[in-house]
Amino acid sequence: MEELERLIREEIQREGSVSFARFMERATLEPGLGYYATPQRRAGRSGDFMTAPELHPILGAAIAQLATATWERLGRPATFRWREFGAGEGTLLLTVLDYLARERHPLLAALEVSVTEANPHRLADLAAALKQLPAGGPPLVAAGSPPIAGIVVANEFADALPFHIVVGRAASPGGFAERRVTVDPVTNALTWAEGAPDPRVADRLAPLMAGWPPLTEGQLAEISPATADWAATLGAELTEGVVLVLDYGREGVDLRDPSSRMAGTALAYQGHRATADLLSEPGSRDLTAHVDLTLLRTAAQAGGLRHVVSTNQARFLASAGVDSEVARTRSGPEATLEGAIALRSALAQLMDPRRMGGFAVEVFVAGRSPGANALADSASPLPGTAAPNRPLV
Ligand SMILES: C[S@@+](CC[C@H](N)C(=O)[O-])C[C@H]1O[C@@H](n2cnc3c(N)ncnc32)[C@H](O)[C@@H]1O
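What counts and how
- Residues numbered from 1 in each chain as written.
- Predicted model: local features only at pLDDT ≥ 70, side-chain atom pairs only at ≥ 80, totals over all residues.
- Heavy atoms only, no water.
- Near = heavy atom within 4 Å.
- Polar contact = N/O pair within 3.5 Å; in protein donor to acceptor, adjacent residues only side chain to side chain.
- Areas by Shrake-Rupley, 256 points an atom, 1.4 Å probe, with all protein chains shown as cover.
- 1 Å grid on protein atoms, 1.4 Å probe; cavity = no way out; pocket = protein on both sides within 12 Å on 5 of 7 lines; lining within 4 Å.
- Sits in = over half its atoms within 2 Å of the grid points.
- Nonpolar A, V, L, I, M, F, W, Y, C, P; charged D, E, K, R; others polar.
- Buried < 20%, exposed > 50% of the residue type's maximum accessible area, 1.4 Å probe, protein only.
- Helix = DSSP H or I, 4+ residues; strand = E, 2+ residues; numbered from the N terminus.
- Pairing = 2+ DSSP bridges.
- Salt bridge = Lys/Arg side-chain N within 4 Å of Asp/Glu carboxyl O.
- Points joined across faces, edges and corners; volume = space filled by probe spheres on them.
- Domains from an automatic or database assignment.
- Axes fitted to C-alpha atoms, helices over the stretch in contact; angles between N-to-C directions.
- Contact = heavy atoms within 4.5 Å.
- Parallel < 35°, antiparallel > 145°, perpendicular 65-115°, else oblique.
- Left-handed = near helix turned anticlockwise from the far one by under 90°.

> It is not clear to me how the site of the ligand should be interpreted in this structure. Could you clarify?
Near the ligand, the surroundings consist of 15 residues, among which Thr51, Gly86, Glu117, Ala118 and Asn155 are the closest. Note that a nitrogen atom of the ligand is positioned 3.0 Å from one of the backbone N or O atoms of Ala118. When the ligand sits alone it has 590 Å² of accessible area, and the protein chains cover 90% of it. In this structure, the ligand is accommodated by the largest pocket. For the shell around the ligand, the per-class residue count stands at seven nonpolar, six polar and two charged.

> Quick question: what am I supposed to make of the pairing of strand S2 (residues 80-85) here?
A regular strand places its side chains so that they alternate between the two faces of the sheet. A large share of S2 lies buried, amounting to six of its six residues. The two faces of S2 match: Phe80, Trp82 and Glu84 on one face and Arg81, Arg83 and Phe85 on the other face are all buried. For S2 and strand S3 (residues 111-116), the ladder comprises six bridges, and the chain directions are parallel. For Glu84, the partnering residue across the bridge sits in S3 and is Val115. The sheet contact formed by S2 and strand S4 (residues 148-155) spans five bridges and is parallel. What sits directly across from Phe85, in S4, is Ala154.

> Can you walk me through the pattern of salt bridges in this structure?
Opposite charge on two side chains allows them to pair when their charged atoms are near. Under the defined criterion, the tally for this structure stands at 29 salt bridges. With a shortest N-O distance of 3.0 Å, Glu281 and Arg285 are connected by a salt bridge. Residue class for Glu281 comes out partly exposed when judged on its relative accessible area of 41%. For Arg354, the salt bridge goes to Asp352, with nearest N and O atoms at 3.3 Å. Accessibility expressed as a relative area gives 74% for Arg354, which makes it exposed. Since its relative accessible area comes to 14%, Asp352 is described here as buried.

> What is the right way to look at unusual backbone geometry in this model?
Excluding glycine, residues mostly have negative phi values, and the peptide bonds linking residues are mostly trans. The backbone of Arg104 shows a phi angle near 50°, a positive value even though the residue is not glycine. Tracing the sequence through the fold places Arg104 in the loop between helix H5 (91-102) and helix H6 (107-110). Taking the relative accessible area as the measure of exposure, Arg104 reaches 75% and is therefore exposed. Here Glu156, not a glycine, exhibits a phi torsion of approximately 50°, which is positive.

> Help me understand the layout of surface pockets in this model?
Unoccupied space between atoms shows up once a probe the size of one water molecule is rolled over them. Computed from the structure, the largest pocket encloses a volume of approximately 1,000 Å³. Its residues assigned to classes, the lining of the largest pocket shows 19 nonpolar, 13 polar and 12 charged. Residue contributions to the lining of the largest pocket reach at least three from each of two domains, namely domain 1 (3-34 + 164-223 + 251-288) and domain 2 (52-158 + 229-248 + 291-375). Around the second largest pocket, the lining is made up of 22 residues, and of these Ser19, Ala21, Arg22, His164 and Val201 lie nearest the centre. Looking at the lining of the second largest pocket, the elements with two or more residues in it are helix H1 (3-15), strand S1 (18-19), helix H2 (20-29), strand S6 (176-183), helix H8 (199-208) and helix H9 (225-233). With four residues, H2 is the largest single contributor of residues to the lining of the second largest pocket.

> So what exactly am I meant to see when it comes to the sheet that holds strand S9 (residues 238-247) here?
The strands that make up a sheet pair up through hydrogen bonds in the backbone, lying either parallel or antiparallel. Judged by pairing direction, the sheet is mixed, and its six strands sit side by side in the order S3-S2-S4-S9-S16-S15 without closing on themselves. With partners counted over all chains shown, the strands left at the sheet margins are S3 and strand S15 (306-312), one partner each. Sheet twist, expressed as the average angle between the axes of neighbouring strands with direction ignored, equals 15°. Sheet contacts for H5: S2, S3 and S4; angle to S2, the most-contacted strand, approximately 150°.

> Whenever I open this one, the packing of H1 against H2 confuses me. Can you help?
Axis angle and axis distance: for two packed helices, these are the angle between their axes and the distance between the axes, and together they describe the pair. Two elements in contact, H1 and H2, have axes separated by 10 Å at closest approach and are oriented at 155°. The pairing of H1 with H2 is recorded here as roughly antiparallel in orientation. You can see that H1 and H2 cross each other, and the crossing is right-handed. The segment H1 lies against H2, with Leu4, Leu7, Ile8 and Glu11 engaging Arg22, Phe23, Arg26 and Ala27. Of the residues that constitute the contact of H1 with H2, the class distribution is five nonpolar, no polar and three charged.

This is the structure we're talking about:
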């Protein structure tokens, strides 16, 4: 048995059972042992899952358009921050920097970078990659630095934050019980148990579940106070600018629709395969659930952000102004057949609403300055936020 599973079992032995959120926290973040704490690369072809920035730089080019427009509308501030959550080894950031360098865009000289990344190995990769850039790349400033103007980006970050799992039980207080993790006394395997949540957790879940219709008997649903807490802090990240959250998610009401979501959405990923077995081999599988977009928006707005638009990745790409990037890849002076094929294949995934094209893109504005108001002006939508008038593929 792996060291991490032994530690989790010790905690279960002491407590009787632990919430799935606690299990997930340890399985993903336990220092030196968790899924996101070891040297192994998790995203990308050789890892367990593919993300849009790992697939192709086109999403980076689209976000670069949004960043440059934000910088322009804010009056080209002398310093402008790229603030990224769950940046990994910096794949998305590096494609944005590459795009700005190729375009010789003046934003590059104003840019500073601040990232929150749990994995110290990926953070070291990111810092090393920045150092390799001409003139050492943009300065890397600590997370928690006083806010300035900028753009906040979080791609597939919120789905990795710990969540509780609740199960509809008409006989329990509030009509639900918590799905907890314990050890089966007969088989000695990690298994599920049902019980009341810890009273402090119950206090935290109650306001987040206040508007939920009753769960059907036996229906599973995920709920992530960690996502609500994180979203509520986003408003304090910038003095003014744009906050962009990209992830797979649905409105809360859809996530709790018993006709389509009786089993919830939690999955474990390993080697590009998904399984509903969340408890086996803690530390070697990605654990994830759809993001509750209603909860995310409510918390972000309570934290001071103005919501601008809810769109999806396909619409975002089609209206972000990446035509010149597409043309350059297909027929520019450096175009290759391989590059054109890679773009076409990536767009097929990124634009398909049943695949990554259907991923949610939530856009918010921070600040109340005239520049910030210009960012939120629906008469002049930011790149990626208008309704597209044609597909990109
Ligand atoms: C699904 S990966 C996405 C990586 C990257 N954004 C991309 O799109 O390729 C999630 C990233 O968030 C990081 N992460 C997960 N939980 C975190 C936490 N609580 N705090 C900071 N980073 C976290 C992981 O280490 C990983 O790099």
